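Residue-level structural notes
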Amino acid sequence: MKTSNFVTKAIATALLASQLLGMRAFANAVNVHTFTPSANPSYMLSEDALLHHSWGERLERPVFFSVFYDMVNDPLVELNGDRTERRATLVDSINSLNLSVAYSFLPQLQFGVSTTLSLVQLPEVAQQFAFSDSRLFSKLRLNSESDVVSFALMPELIIPTGNRTLFLSNNGFGGGMRFIAEHDFNVIQATANIGYRYSPDATYRDLNMRSVVPASLGIVKPLGSRWAINADLSGEITLPLNTHTNPSQVYLGAKYRISQDFIASAGGSIGAFNDRSSANYQIIAGLTMMPSAAKKSEPIPFQRVEPVAVVPAPIVVSAVAKPRVIFTPKELLITEE
């Protein structure tokens, strides 16, 4: 009887331990959908330093809305033991719709929020809708935009609103900071971003994305008053350093100014440095809205105009003074004593 009880308890303990281990393994997750478009319309994957112009157009707008669609192919794959080739695909594709809004309380201070709804395709599983992690962000310009180089800081807070079973969440709050430097060369505008992001539970199998150094370089080249092309080179360096888990991409696209309040963007990206740990390709298209803050003109009050009689001004004939001395060829006449 004692032996039976002991075996029963041992089995129950083993089952409980396996459940706890399974829960712990399931608790950690990685968000493989890292696309976060720039809050302002100058670049795509890089952030600007709150310069209030973009290819010659003033952007003194307090509010920015953006809607972006993107499709990324093979965002998560499994490599062989030698890390030389892909062995399996864990996530086939992700189609997403990113919504973000940013508001400038001051010319040098901006706050914003963004969230993403995704359609995830796993191997041999029906597509599923789910949210990705959301983020709160702010941007603070550190010096004047008239300086040679403009600097800004961008703190971010990651909120775990995503579905971890679909690889859309880091399963916990995270945060980070970016340092931004931007310069306008007149011919092109360029920005450089580098920062640090920490997510305590961002792990999956041997993939460790807890500590990440995001870095990017973006340029925009005007092509007249309405068209511009832009390029971004971005990547994430994991800490401790691991050459097999550093996704990167190079983006090339175009922007079109529909009107003073709307800018359309479209382009695509491919894996840049490590094609094994980076997604195959990504397609991006979106619209940025900048409502103008035009002041409403005050209505002019109606006034009744009474007719006024017009009195002709008197005609004044100026008197010409009589000459006092008159010269003639034969005589000199004096008109008065």
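Up top is the structure.
Description of the structure in this document. (Residues numbered from 1 in each chain as written. Predicted model: local features only at pLDDT ≥ 70, side-chain atom pairs only at ≥ 80, totals over all residues. Heavy atoms only, no water.)

**Observations concerning the pattern of salt bridges**
Per the stated rule, a full pass over the model turns up 7 salt bridges. Residue Lys 139 is joined to Asp 48 by a salt bridge in which the shortest nitrogen-to-oxygen separation is 2.8 Å. Within this pair, whereas Lys 139 is found in strand S7 (residues 134-141), its partner Asp 48 is found in the loop between helix H1 (2-27) and strand S1 (53-54), the two being separated by 91 residues in sequence. For the pair Lys 139 and Asp 48, a shared accessibility class is recorded, and that class is buried. (Salt bridge = Lys/Arg side-chain N within 4 Å of Asp/Glu carboxyl O. Helix = DSSP H or I, 4+ residues; strand = E, 2+ residues; numbered from the N terminus. Buried < 20%, exposed > 50% of the residue type's maximum accessible area, 1.4 Å probe, protein only.)

**As for the pairing of strand S17 (residues 281-289)**
Successive residues of a regular strand alternate their side chains across the two faces of the sheet. Every second residue of S17 is oriented toward a common face, the buried set being Gln 282, Ile 284, Gly 286 and Thr 288 and the non-buried set Tyr 281, Ile 283, Ala 285, Leu 287 and Met 289. Looking at chain direction, strand S3 (residues 63-79) and S17 are connected through 9 bridges and run antiparallel. Its bridge partner lying in S17, Phe 68 is registered against Gly 286. Judged from the 9 bridges that link them, strand S16 (residues 262-271) and S17 form a sheet pairing that is antiparallel. Bridging from a neighbouring strand, Ile 263 pairs with Thr 288 of S17. (Pairing = 2+ DSSP bridges.)

**Considering the nonpolar core**
Residues Leu 76, Val 91, Ile 94 and Val 120 are the most contacted members of the largest nonpolar core, which totals 17 residues. Taken together, the elements giving at least two residues each to this core come down to S3 and strand S4 (86-106). Broken down by element, this core gets its largest block of residues, 3 residues, from S4. What Ile 94 contacts, discounting residues up to four positions off in sequence, is Val 32, His 33, Asp 70, Met 71, Val 72, Pro 75, Ser 118, Leu 119, Val 120 and Leu 168. One finds Ala 39, Leu 59, Phe 137 and Ile 180 within the second-largest nonpolar core, a separate group that totals 11 residues. (Core = buried A, V, L, I, M, F, W, Y, C linked by side-chain atoms within 4.5 Å. Contact = heavy atoms within 4.5 Å.)

**Examining the pairing of S3**
With respect to burial, S3 is a largely interior element, 13 of its 17 residues being buried. Sheet analysis places S3 next to S4, joined by 15 bridges and oriented antiparallel. Bridge pairing in S4 links Phe 68 to Asn 98. If you look at the hairpin formed by S3 and S4, you'll find 6 residues sitting between the two strands, and Arg 83 has a positive phi there, around 60°.

**Describing the environment of Lys 139**
Overall, Lys 139 belongs to the buried group, its relative accessible area being 0%. The spacing of Lys 139 and Leu 50 is 89 residues in sequence and 7.7 Å in space, taken between C-alpha atoms. Excluding residues that lie within four positions of it along the chain, Lys 139 makes contacts with Ala 39, Asn 40, Glu 47, Asp 48, Leu 50, Gln 108, Leu 109, Gln 110, Ala 152, Leu 153, Met 154 and Ile 180. A polar contact is formed between the side chain of Lys 139 and the side chain of Glu 47, at a distance of 2.9 Å. Here Asp 48 takes part through its side chain, which lies 2.8 Å from a polar atom of the side chain of Lys 139. (Polar contact = N/O pair within 3.5 Å; in protein donor to acceptor, adjacent residues only side chain to side chain.)

**Concerning the environment of Leu 90**
The residue Leu 90 is located in strand S4 in this model. Classification of Leu 90 by relative accessible area gives buried; the value is 19%. Separated by 15 residues in sequence, Leu 90 and Pro 75 place their C-alpha atoms 8.3 Å apart. Contact partners of Leu 90, with chain neighbours within four places excluded, come to Leu 76, Val 77, Glu 78, Leu 122, Pro 123, Tyr 204 and Arg 205.

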